[in-house]
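Examination of the molecular architecture
Each chain, written out:
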Number of protein chains: 2
Amino acid sequence: MELSRRIEDELAAAMERVDAGSGPPALAAAMRHALFPGGARVRPRLCLAVALACGDRNPAAATAMAAAIEMMHCASLVHDDLPCFDDADIRRGRPSVHSAYGQPLAVLAGDGLIVLAVEQLALRTAATPALVAPLITTLTRGVGMPEGIVAGQGWESEPDPPLARYHEQKTGALFIAATAGGALAAGGDPEAWIAVGARLGLAYQVADDLLDAVSDAASAGKPCAQDGAHHRPSAVGRLGVSGAVARLRGLVGEAVAAIPDCPGAGMLRELVKAQAVRLVPAALADVAAA
Amino acid sequence: MELSRRIEDELAAAMERVDAGSGPPALAAAMRHALFPGGARVRPRLCLAVALACGDRNPAAATAMAAAIEMMHCASLVHDDLPCFDDADIRRGRPSVHSAYGQPLAVLAGDGLIVLAVEQLALRTAATPALVAPLITTLTRGVGMPEGIVAGQGWESEPDPPLARYHEQKTGALFIAATAGGALAAGGDPEAWIAVGARLGLAYQVADDLLDAVSDAASAGKPCAQDGAHHRPSAVGRLGVSGAVARLRGLVGEAVAAIPDCPGAGMLRELVKAQAVRLVPAALADVAAA
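To keep things clear, this report deals only with the structure shown in the data block. (Residues numbered from 1 in each chain as written. Chains lettered and ligands numbered in written order. Predicted model: local features only at pLDDT ≥ 70, side-chain atom pairs only at ≥ 80, totals over all residues. Heavy atoms only, no water.)

This part is about the overall build of chain A. Within chain A, the regular secondary structure consists of 15 helices and two strands. Sorting the 290 residues of chain A into buried and exposed places 57% on the buried side. Sequence-distant contacts, at least 24 apart, represent 68% of the contacts inside chain A between residues at least 6 apart. For chain A, the exposed area adds up to about 10,700 Å²; of that, 56% sits on carbon and sulfur atoms. For chain A, the distance from the average position of its 24 positive side-chain charges to the average position of its 31 negative side-chain charges is 5 Å. (Helix = DSSP H or I, 4+ residues; strand = E, 2+ residues; numbered from the N terminus. Buried < 20%, exposed > 50% of the residue type's maximum accessible area, 1.4 Å probe, protein only. Contact = heavy atoms within 4.5 Å. Areas by Shrake-Rupley, 256 points an atom, 1.4 Å probe, with all protein chains shown as cover. Lys, Arg positive; Asp, Glu negative; His and termini not counted. Charge placed at Lys NZ, Arg CZ, Asp CG, Glu CD.)

Take the packing of aromatic side chains next. How two aromatic rings sit relative to each other is set out by the distance from centre to centre and by the angle between their planes. Residues and elements named next belong to chain B. Counted under the stated rule, the structure contains two aromatic pairs over all chains. Residues Phe175 and Tyr204 carry aromatic rings whose centres are separated by 5.4 Å and whose planes lie at 40 degrees to one another, so their mutual orientation is tilted. Separated by 29 residues along the polypeptide, Phe175 in helix H9 (residues 163-185) and Tyr204 in helix H10 (residues 194-214) bring together distant segments of the chain. Overall, Phe175 belongs to the buried group, its relative accessible area being 2%. According to the relative accessible area criterion, Tyr204 is partly exposed, its value standing at 21%. (Phe/Tyr/Trp six-rings, centres within 6.5 Å; stacked < 30°, edge-to-face > 60°.)

Bringing the packing of helix H7 (residues 129-143) of chain B against H9 of chain B into the picture now. All names here are of chain B. Axis separation between H7 and H9 bottoms out at 7 Å; the angle between their running directions is 165 degrees. Looking at the two axes, H7 sits roughly antiparallel to H9. Pair H7 / H9 crosses with right-handed handedness. Between H7, through Leu131, Pro134, Leu135, Thr138, Leu139, Gly142 and Val143, and H9, the contact on the second element is made entirely by Ala173, Leu174, Ala177, Ala180, Gly181, Leu184 and Ala185. (Axes fitted to C-alpha atoms, helices over the stretch in contact; angles between N-to-C directions. Parallel < 35°, antiparallel > 145°, perpendicular 65-115°, else oblique. Left-handed = near helix turned anticlockwise from the far one by under 90°.)

Attention shifts here to the environment of Tyr101 of chain A. Residue and element names in this part refer to chain A. The residue Tyr101 is located in helix H5 (residues 97-101) in this model. In sequence terms Tyr101 and Leu27 are 74 residues apart; their C-alpha atoms lie 8.3 Å from each other. If we skip the residues at most four places from it in the chain, Tyr101 touches Ala26, Ala29, Ala30 and His33.

Attention shifts here to the side chain of His33 of chain A. All names here are of chain A. Locating His33 in the fold gives a position in helix H2 (residues 25-35). Polar side-chain contacts of His33 include one of 2.8 Å to the backbone oxygen of Pro95. Contact partners of His33, with chain neighbours within four places excluded, come to Arg94, Pro95, Ser96, Val97, Ala100 and Tyr101. (Polar contact = N/O pair within 3.5 Å; in protein donor to acceptor, adjacent residues only side chain to side chain.)

This part takes up the state of the cysteines. As enumerated under the stated definition, the model contains zero disulfides over all chains in all. Not engaged in a disulfide, the cysteine Cys47 of chain A finds its nearest cysteine sulfur in Cys54 of chain A; these two sulfurs lie 10 Å apart. Not engaged in a disulfide, the cysteine Cys74 of chain B finds its nearest cysteine sulfur in Cys47 of chain B; these two sulfurs lie 14 Å apart. (Disulfide = S-S within 2.5 Å.)

This part takes up the relation of the copies chain B and chain A. The pair of chain copies shares a relation made of a rotation about an axis and a shift along it. Superposing chain B onto chain A takes a rotation of 180 degrees plus a shift of 0.0 Å along the axis, which leaves an RMSD of 0.0 Å. This pairing of chains is accounted for by a two-fold axis. Distance from the rotation axis, computed per C-alpha, reaches its smallest value in chain B at Pro129 of chain B: 2.7 Å. Interface overlap between copies: 100% of the residues of chain B at the interface are likewise at the interface in chain A, consistent with a symmetric, same-surface contact. (Least-squares fit on C-alpha atoms with pLDDT ≥ 70 in both.)

Another aspect to go through is the pattern of salt bridges. Residues and elements named next belong to chain A. The final tally for this structure, using the stated rule, is 24 salt bridges over all chains. With a shortest N-O distance of 2.9 Å, Arg124 and Glu10 are connected by a salt bridge. Pair noted here: Arg124 is in helix H6 (residues 103-125) and Glu10 is in helix H1 (residues 2-20), with a separation of 114 residues, a long-range link. Residues joined by salt bridges that share partners form a network here, namely Glu8, Arg41, Glu70 and Arg92. (Salt bridge = Lys/Arg side-chain N within 4 Å of Asp/Glu carboxyl O.)

What follows deals with a nonpolar patch on the surface. Nonpolar side chains collect at one region of the surface, where Leu52, Met267 and Leu271 of chain A lie side by side and expose about 230 Å² of accessible area between them. For Met267 of chain A, the location among the structural elements is in helix H14 (residues 265-279). (Patch = residues over 30% accessible without salt bridge, like charges linked within 9 Å, V, L, I, M, F, W, Y side chains within 5 Å.)

A separate point is H14 of chain A. Residues and elements named next belong to chain A. Its 15 residues give H14 an end-to-end C-alpha distance of 21 Å, which sits within 8% of 21 Å, the value for a rise of 1.5 Å per residue. Of the residues making up H14, those classed as buried are Ala265, Leu268, Val272 and Ala276. Buried residues of H14 fall within an arc of 75 degrees about the axis and therefore sit on the same side. Facing away from the buried side of H14 by more than 90 degrees, the exposed set consists of Val277 and Arg278. (Expected span 1.5 Å × (residues − 1). Arc of directions from axis to C-beta.)

Have a look at this one:
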């Protein structure tokens with residue numbers, strides 16, 4: 001609960017700055033629509049959990065990093081849903097941003113969220129100047145070219161995308177920003193946390209592929225069977241359902257094993273295991289339990 | 001010449017980092033297409049000219065800020081050219097990014113350039129930590145919501161956009177980032193330079209409206225008469241051609257008068273006046289000389 005409150009309050013504060021300014025109201029509303037109500041807030045919760053495990057020495061910086069990561073994630077969803085990509089009318093059980101506000105404001109809402117993420121992070125860390133550049137470059141590496149989620153999405157326009165790299169960039173990179181950034185904000189060693197983020201990101205991507213393959217739109221809150229429809233590389237397509245479930249379990253085990261020694265290592269290992277159970281779609285509970 | 005070299009080298013260095021990574025090659029090519037060859041590089045030249053006028057105490061920071069501003073400008077052009085906005089097939093006399101690479105890579109190229117701008121600025125200023133947050137927030141204020149170029153573009157989706165605020169945000173905001181950021185990088189007072197950037201931004205917008213209204217596509221290197229076609233607010237539509245020319249000259253005079261005392265104030269005043277002459281489209285030289 002504490003983690004959720006820190007994340008939601010920080011996101012709300014960022015949007016309050018937007019609303020208090022003299023910008024166009026429909027664009028502000030489109031940005032708000034993209035941020036609230038949120039999904040599972042998996043990445044910012046992971047970022048804060050790592051910061052706590054490392055001693056949470058700069059709570060304001062950790063919270064700002066967590067919120068910035070979530071804003072980047074929401075921005076990527078807005079752009080990925082556009083007609084020229086997934087053409088998804090539904091997101092989190094509601095109209096996607098372009099369905100509700102039109103394509104121009106969806107493009108701009110994504111742009112605005114990317115910029116807001118950076119700005120809020122810089123504002124919140126200005127009082128600890130040594131942290132600003134390391135946190136911002138940790139964030140941008142997870143988002144941009146050549147190795148972040150923008151790069152990952154770009155592979156969908158290539159004729160023969162390398163599956164591992166595609167998943168590392170499209171999903172793993174922002175999970176790495178979450179673990180490395182949480183450690184950095186708390187005064188820990190970000191390098192030691194890269195492997196944890198990388199494994200959890202890949203696990204999450206496999207879980208998403210499974211969800212896409214076996215769930216229906218009503219329970220997922222978004223269009224399903226999109227990977228096949230868009231000819232996207234997918235772990236399920238490559239490994240089959242039971243192979244993908246085994247891969248998911250293996251990746252979570254590797255992530256847990258990679259958690260470095262730190263004050264809260266034991267707590268974090270339990271948390272990751274508990275969260276991982278929820279990643280497997282309900283329809284696959286039997287396969288997962290086997 | 002020296003200013004141009006600093007800008008082009010910095011932009012090239014940023015793109016070299018992108019090319020050296022493991023991202024999708026077509027997206028890297030689309031980003032390069034958006035950056036090179038450039039237009040007049042008006043904003044980064046202004047940023048460096050202000051830094052020089054203020055003593056250019058941190059040349060690396062000033063150059064990074066100038067290049068970051070140009071990357072943000074190029075990103076905005078890529079997104080503004082998309083079919084859902086201006087639907088412009090031509091930019092700088094060549095195919096626009098979406099014409100050459102398709103809409104998905106154009107959306108991602110814009111996103112990638114926004115992130116690259118911030119990342120390059122943070123990397124280059126990491127050695128002067130006190131400058132990082134002020135420069136980044138000066139940049140983001142000029143780009144994002146609620147008062148930057150993204151906000152300005154957002155007004156085009158509102159039923160009755162306020163003309164002055166639309167122009168302040170769509171064009172003025174990034175010029176303010178250029179003057180305030182150049183001063184900040186050089187150890188000057190950014191507040192003292194806001195009025196100069198604001199006036200020059202408005203002057204440039206009026207010049208662009210004039211160009212749009214009276215030039216043909218061949219000499220402008222992009223589609224013209226777009227303001228009328230898209231029902232956008234325009235200074236020419238509101239003031240007529242000769243009224244807009246008078247407004248342009250008044251704004252340049254105000255900008256020159258607003259230049260604060262600094263080691264290179266005299267040089268900068270002459271430079272702004274010389275540049276301003278070029279802003280008036282050739283077809284209007286007689287009106288401007290009147």
